[in-house]
Amino acid sequence: MKTFEEKWTAWLDGQLSGRELAEFDASLPDRAAAEAEKADVRKLGALLKRELGVSAFANEEFFSHQLRERILERSVPSAKREANASTWWTIPRLLWTGTASLAVFLIFTIFVIRDKNPAEESQYLTQILNARVDPVVSPNGTVSMFEVKQDRVTVLWTEGLQSLPADYAAK
Amino acid sequence: MGRTLAFLISFVSLIIGATSELQGAETVWSGLVIAENVAQPQTIPPELTRIEGSLKKFFGYNQFQVIGQSQKTLKTGQEDWLATSKFFGLHVDAQGESAAGYVLNLKLYKEKELLLETDAKLSKRSPLVIKGPQIGSGQLLLVLVIQ
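Bear in mind the structure is a predicted one, so any value in this text is a computation, not a measurement.

Draft legend 1. Just the overall build of chain A, in detail. What chain A contains, in helices and strands, is five helices and three strands. Helices and strands in chain A line up, N terminus first, as α-α-α-α-α-β-β-β. Taking all 171 residues of chain A together, the buried fraction comes to 8%. Within chain A, contacts between residues at least 6 apart in sequence are counted, and of these 28% link residues at least 24 apart.

Draft legend 2. Examining the environment of Phe59(B) more closely. Residue and element names in this part refer to chain B. Position of Phe59 among the secondary structure elements: in helix H2 (residues 52-59). C-beta crowding within 10 Å serves as the criterion here: with 19 such atoms nearby, Phe59 is assigned to the partly exposed category. A sequence separation of 24 residues divides Phe59 from Ala35, and the C-alpha atoms of the two residues are 8.1 Å apart.

Draft legend 3. Looking closely at the interface of chain B and chain A. Taken residue by residue, the interface counts 45 residues in chain B and 42 residues in chain A. Looking at the side of chain B that touches chain A, the elements that each hand over two or more residues are helix H1 (2-19), H2, strand S2 (63-74), strand S6 (113-123) and strand S7 (128-135) of chain B. Considering each element in turn, the side of chain B that touches chain A owes the most residues, 11 residues, to S6(B). Taken together, the residues of the side of chain B that touches chain A sort by class into 20 nonpolar, 16 polar and nine charged. Bridge count between strand S3 (residues 153-159) of chain A and S7(B): three bridges; the pairing is parallel. Across the sheet, Val155(A) pairs through a bridge with Val129(B), a residue of S7(B).

Draft legend 4. Looking closely at H2(B). If you check which residues of H2(B) are buried, you get Ser54(B), Leu55(B) and Phe58(B). The arc that holds the buried residues of H2(B), viewed along the axis, is 100°, so those residues lie on one side. Taken together, the buried residues of H2(B) touch strand S2 (142-148) and S3 of chain A together with strand S1 (26-36), S2 and S7 of chain B. Among the residues trailing H2(B), Gly60(B) stands out with phi positive, at a value near 75°.

Parameters and conventions
Once a new chain begins, its residue numbering starts again from 1 and follows that chain's sequence as written. Note on labels: chains are lettered from A, ligands numbered from 1, in written order. Restriction of local features to residues with pLDDT of at least 70 applies here, the model being predicted, together with a cutoff of 80 or more for giving and counting side-chain atom pairs; totals for whole chains, interfaces and linings are based on all residues. Each helix corresponds to a stretch of at least 4 residues labelled H or I by DSSP, and each strand to a stretch of at least 2 residues labelled E; elements are numbered beginning at the N terminus. Any residue with 12 or fewer other C-beta atoms within 10 Å of its own C-beta is exposed, any with 20 or more is buried, and the rest are partly exposed; the C-beta atoms used are placed from the backbone. Whether two residues are in contact depends on their C-beta atoms, placed from the backbone: they are in contact if these lie within 7 Å. Under the scheme applied here, ten amino acids are nonpolar (Ala, Val, Leu, Ile, Met, Phe, Trp, Tyr, Cys and Pro), four are charged (Asp, Glu, Lys and Arg), and all others, including Gly, are polar. When DSSP finds two or more bridges between two strands, those strands count as paired. This arc corresponds to the set of directions leading from the helix axis out to the C-beta atoms.

Set out below in structure tokens:
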């Protein structure tokens, strides 16, 4: 046995027919007001359908939709994982880092070379640390040093060594 | 492509940095040279070519002849060797290597008699010339060059 509310809902939806419809129509206290309400409900239903626009799927469409949803669910975390796994070192950043490192290296090299130059100038030349002649063999022997900047030649100049005959020039 | 380029840049930087530290074994040429003034001077020995101008200017001779020589490749910087002629001997004792060159102890002997002794830091880019005794009308020179 249906209640009045169930019959009312069925009547609004146009689900009543035959004797059931006749009995329900007879039970309505104000038929005109009920018809107006029915018209309002239909209008509201049409409006909702139009505005919300829920598209109905056929069975196969629904199935493939579900499949796509699952595939997406699985692929989205792996994409996230991939995004996490790919490091900060992207190709442009690697290039920039390499270029910046090279620039820093060159700047430091230039500064170091510039600082080193004065010291290196003396390193270029051979240095005579000390020199002595045998005082017994050459009692008047003296030594002095020169640097010839033209060819960067260092000369140890001796004087007063014992002179020798030309025979000593033999190979 | 991009990664390769970045790798290449880093690699080249490292190579440039490391190259300055790489130094191989070097050869020291030591020679006993007689400098003279002659009418027809002979060609200067190839070992002296690079300092020909300085030799002529400083010592005032036009001919330089090698009467004794030695070429020693230094590996440890602690080697010693002898360059000899008939009457002279130049004993060279390397006593260590630095970034600039080698520390050498040099002794010039006339037969068994020590004429001259000196310690020098021989630079790789700077030859050393020692004026020895007068011989006849010429002059004995001792020359050391890192080749």
